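Chain and residue survey
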Amino acid sequence: MTDRVDIAIVGGGMVGAALAVALAPLGLRIALIESQAPPASNPSWDERCIALNAASQRIVEGLGLWGDLSADAEPISSTHISERGRFGVARFSAAEADLPALGYNVPLRAIGAAFAASMAQVDGLQLLTPARLEHLQIGDDEAVLGLDLQGEARELRARLVVAADGARSTVRERLGIGADSRDYRQSAIVTAVRPKRAHNGVAYERFLPTGPIALLPKPDDEHGHACSLVWTLPSELAREKLALSDADFIAQAQDAFGERLGTFLALGRRNAHPLERVLSERLSAPRVLLVGNAAQSLHPVAAQGFNLGLRDVATLAEVLAGAGDPGAPALLADYEMRRQRDRARVSDFTDGLVRLFSNAVPGLRGLRHWGLLALDLAPPLRQAVLQQNLGYGSAAPRLARRPA
Ligand SMILES: Cc1cc2nc3c(=O)[nH]c(=O)nc-3n(C[C@H](O)[C@H](O)[C@H](O)COP(=O)(O)OP(=O)(O)OC[C@H]3O[C@@H](n4cnc5c(N)ncnc54)[C@H](O)[C@@H]3O)c2cc1C
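What this report covers is the structure whose coordinates are included nearby.

Criteria and thresholds
- Residues numbered from 1 in each chain as written.
- Predicted model: local features only at pLDDT ≥ 70, side-chain atom pairs only at ≥ 80, totals over all residues.
- Heavy atoms only, no water.
- Core = buried A, V, L, I, M, F, W, Y, C linked by side-chain atoms within 4.5 Å.
- Buried < 20%, exposed > 50% of the residue type's maximum accessible area, 1.4 Å probe, protein only.
- Domains from an automatic or database assignment.
- Helix = DSSP H or I, 4+ residues; strand = E, 2+ residues; numbered from the N terminus.
- Arc of directions from axis to C-beta.
- Contact = heavy atoms within 4.5 Å.
- Axes fitted to C-alpha atoms, helices over the stretch in contact; angles between N-to-C directions.
- Left-handed = near helix turned anticlockwise from the far one by under 90°.
- Nonpolar A, V, L, I, M, F, W, Y, C, P; charged D, E, K, R; others polar.
- Parallel < 35°, antiparallel > 145°, perpendicular 65-115°, else oblique.
- Pairing = 2+ DSSP bridges.

1. Examining the nonpolar core
- The biggest cluster of nonpolar side chains holds 99 residues, and the ones touching the most others in it are Ile7, Ile33, Leu145 and Leu156.
- Both domain 1 (2-72 + 102-181 + 278-400) and domain 2 (184-275) contribute no fewer than three residues apiece to this core.

2. Some words on helix 6 (residues 235-242)
- Every buried residue of helix 6 is listed here: Ser235, Ala238 and Lys241. When helix 6 is viewed along its axis, its buried side chains cluster within an angular range of 115° and face the same direction.
- Buried residues belonging to helix 6 abut strand 12 (179-195), strand 15 (224-234) and helix 7 (246-257).

3. Some remarks on the packing of helix 1 (residues 14-22) against helix 4 (residues 108-120)
- Following both chains from N to C, one finds helix 1 and helix 4 inclined at 35°, their axes separated by 9 Å at the closest point. Regarding helix 1 and helix 4, the two cross each other, and that crossing is left-handed. Across the interface between the two elements, Met14, Ala17, Ala18, Ala20 and Val21 of helix 1 pack against Leu108, Ile111, Phe115, Ser118 and Met119 of helix 4.
- Taken together, the residues of the contact of helix 1 with helix 4 break down into 9 nonpolar, 1 polar and no charged.

4. Here's the deal with the packing of helix 2 (residues 54-62) against helix 8 (residues 305-320)
- It is at 10 Å that the axes of helix 2 and helix 8 come closest, and there the two elements cross at 45°. With respect to their mutual orientation, helix 2 and helix 8 come out oblique. As helix 2 runs across helix 8, the sense of the crossing is left-handed. Counting all contacts with helix 2, which are made through Ser56, Ile59 and Val60, the residues of helix 8 involved are Asn307, Leu310, Arg311 and Ala314.
- Among the residues forming the contact of helix 2 with helix 8, the class breakdown is 4 nonpolar, 2 polar and 1 charged.

5. A word on the sheet that holds strand 7 (residues 103-107)
- Judged by pairing direction, the sheet is antiparallel, and its 3 strands sit side by side in the order 3-7-4 without closing on themselves. Looking along the sheet, the strands with just one partner apiece sit at the ends: strand 3 (49-53) and strand 4 (74-76). Adjacent strand axes in the sheet meet at a mean angle of 30°, parallel and antiparallel pairs treated alike.
- Where strand 3 meets strand 7, 5 bridges bridge the pair, whose relative direction is antiparallel. Of the residues in strand 7, the one forming a bridge with Ala51 is Asn105.

6. Focus: the pairing of strand 11 (residues 152-163)
- As judged from the 7 bridges shared by strand 10 (residues 143-149) and strand 11, these two strands associate in the antiparallel manner. Its bridge partner lying in strand 11, Val144 is registered against Arg157.
- As judged from the 3 bridges shared by strand 11 and strand 19 (residues 288-290), these two strands associate in the parallel manner. When the bridges of strand 19 are listed, Ala163 appears paired with Leu290.

7. A look at the environment of Ile250
- Within the element layout of this structure, Ile250 appears in helix 7.
- Here Ile250 falls in the buried class, since its relative accessible area comes to 15%.
- Residue contacts for Ile250: discarding those within four places in its chain leaves Phe264, Leu265, Ala266 and Leu267.

Here it is, written out as structure tokens:
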């Protein structure tokens, strides 16, 4: 069987799903190909919370999804960044950015449900799932995708293929597009904790010699206060912590984080994510574009990966609006040009943070101390870092812009 579409999106994780929703108003024929049956087994839809920055909140609002998400989203009113055993603390607040919140901490499950409901309403969208991309051939006017759709071979023709198939992108691999990979040999343990004291909307990140521990605010519920916890550790140590009893894990997490939010009273389910950086050498090839983790997969220390992926999506929707052939070379070049700067700045910033804080060399300790103090005290540096973390560091796509 052969089908023809304008755009084939390979990968229906968070970024592929966001793209399918963002392209809905363009009236194109779109196929979304996802190898996992939705939603529980999809790697994107796990127990994590995602810190959406201010620009991403605007994008989600522009996609018409904020109404569904806002009830589950906890506003982040300020951040508090510190290093164990040091006085230097960097604080940022929504008030200084003149915004109601620096961002929002939202359960992935809620984001997944909102995207799924929205995709179900999109005319002209074919959801092919569970379906795997197996082969890819590129011609002058279209690409031919060989799929395994529930055990049956199927062929699909598309004028544009968008790779949203994650850090180990099959599209990238089939086309021989290289990627610069760095295994950090660290894993992030993700869970939830109930601290005794209210978080008051503060997102905490505390750097330790073994890696950062972050507590982000979640909505209170009938059982009390709640925070999501992301604890980055060398992978071997993370394995040991995963094997601890809940009581021992809570005690060790408390020791790592300190007493700022009082005693940790309860713990959620623990998951671990191995951490690597993968940067695709290119963002385009004839008839193909890369978005999200397929283009750049980052360490979560600065909570930027999905935020960057959403700006890929918003930019692509902008570039495709009113276009004739969605795979035309000029259009692909335009997308690649518009995304280069943002992606380079955010991935360099994130990687720089990981290196700076994961090194116990005495000189670097001093630099970290002065770096945190400078961040707290020097207005130009504060503004640069703040704008970047809000998602406004580079020319933002229209969907993400702040109202004038
Ligand atoms: C611990 C942790 C915390 C994080 N916290 C934040 C945060 O607070 N804020 C933030 O912005 N980001 C955060 N991130 C990053 C964020 O999770 C990722 O950037 C985001 O999930 C990337 O989504 P994606 O859709 O590009 O890729 P993926 O989630 O990897 O999705 C790729 C999809 O493609 C499918 N697929 C793969 N190959 C094929 C194929 N051959 N055929 C069909 N389908 C295929 C897969 O099944 C998958 O569903 C965090 C990451 C981690 C690990």
